[in-house]
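Remarks on the overall topology
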Amino acid sequence: QTDEEAKQDNEQQQAGSGDNYQMEELMSQLASKPSELAGFTLEPQEFDKDLDAHMAFVTACSNLRALNYQIPTEDVHRSRAIAGRIIPAIATTTALVT
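Thresholds, definitions, all that
Residues numbered from 1 in each chain as written. Predicted model: local features only at pLDDT ≥ 70, side-chain atom pairs only at ≥ 80, totals over all residues. Heavy atoms only, no water. Helix = DSSP H or I, 4+ residues; strand = E, 2+ residues; numbered from the N terminus. Expected span 1.5 Å × (residues − 1). Buried < 20%, exposed > 50% of the residue type's maximum accessible area, 1.4 Å probe, protein only. Arc of directions from axis to C-beta. Contact = heavy atoms within 4.5 Å. Patch = residues over 30% accessible without salt bridge, like charges linked within 9 Å, V, L, I, M, F, W, Y side chains within 5 Å. Areas by Shrake-Rupley, 256 points an atom, 1.4 Å probe, with all protein chains shown as cover. Salt bridge = Lys/Arg side-chain N within 4 Å of Asp/Glu carboxyl O. Polar contact = N/O pair within 3.5 Å; in protein donor to acceptor, adjacent residues only side chain to side chain. Axes fitted to C-alpha atoms, helices over the stretch in contact; angles between N-to-C directions. Parallel < 35°, antiparallel > 145°, perpendicular 65-115°, else oblique. Nonpolar A, V, L, I, M, F, W, Y, C, P; charged D, E, K, R; others polar.

1. A few points about helix α3 (residues 76-97)
Here α3 spans 32 Å end to end across 22 residues, near enough to the 32 Å set by a 1.5 Å rise per residue. Residues Ser 79, Arg 80 and Ala 83 constitute the buried set of α3. Buried residues of α3, viewed axially, fall in a sector of 110 degrees; they line one side. Exposed and facing more than 90 degrees away from the buried side of α3 are His 77, Ala 95 and Leu 96. For α3, the secondary structure elements touched by its buried residues are α2 (52-68).

2. Looking at a nonpolar patch on the surface
Taken together, the side chains of Ile 82, Ile 86, Ile 87 and Ile 90 present a nonpolar region at the surface, about 350 Å² in accessible area. Summarising the element assignment, Ile 90 is placed in helix α3. For Ile 90, a relative accessible area of 48% corresponds to the partly exposed category.

3. Looking at the environment of Ser 79
Examined against the element boundaries, Ser 79 turns out to sit in helix α3. For Ser 79, a relative accessible area of 7% puts it in the buried group. For Ser 79 and Val 58, which are 21 residues apart along the polypeptide, the C-alpha to C-alpha distance reads 7.7 Å. When near neighbours in sequence (up to four residues on either side) are disregarded, Ser 79 contacts Met 55, Thr 59, Ser 62 and Glu 74. Here the side chain of Ser 79 touches Thr 59 through a polar contact of 3.4 Å, side chain to side chain.

4. A look at the side chain of Asn 63
Secondary-structure assignment places Asn 63 in helix α2. Look past the residues within four positions of Asn 63 in its chain and what remains in contact with it is Thr 73 and Glu 74.

5. Notes on the packing of α2 against α3
In the contact formed by α2 and α3, the axes pass within 9 Å of each other and the chain directions differ by 95 degrees. Classified by the angle their axes make, α2 and α3 are roughly perpendicular. Across the interface between the two elements, Asp 52, Met 55, Thr 59 and Ser 62 from α2 touch Val 76, Ser 79, Arg 80 and Ala 83 from α3. A class-by-class count of the residues in the contact of α2 with α3 yields three nonpolar, three polar and two charged.

6. A closer look at the pattern of salt bridges
Counting across every chain of the model gives two salt bridges. Between Lys 49 and Asp 50 there is a salt bridge, with the nearest N and O atoms lying 3.5 Å from each other. Owing to a relative accessible area of 29%, Lys 49 belongs among the partly exposed residues under this scheme. Ionic pairing is found between Asp 52 and Arg 80, a salt bridge with its closest N-O pair at 3.0 Å. You can see Asp 52 sitting in helix α2 and its partner Arg 80 sitting in helix α3, a full 28 residues away along the chain.

Next comes the structure, spelled out in C-alpha cells:
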C-alpha cells in the first residue's frame, strides 16, 4: 500500500468515526423507556412540493416502496411532477363526489 493510499484509508476511517460519534450522540438523546415519552406530541407539517427537504423524504419513501414491489424508482424531479398532480386530482375527485 502506498503512502497516498494509506492516507486516504486513514481519512476515511476518521470520517466514519465522526459519523459514528454523531450517531451515538443522537442515540443517547433518545428516550430509553416508554414512560419517558409521556406528554410527547407530534406536530403535523404542511406538505409543500417546492421544499427540497419534503421532496427528498417523499422520494426516499416512494423509492423504498418501489424497491419492495420491484417497480422502477424515480428521481426527485419526477416525484415533484407526480406530487404536483396529486392535489388537483384530489380536488377534482372531491368536487365530483359532493
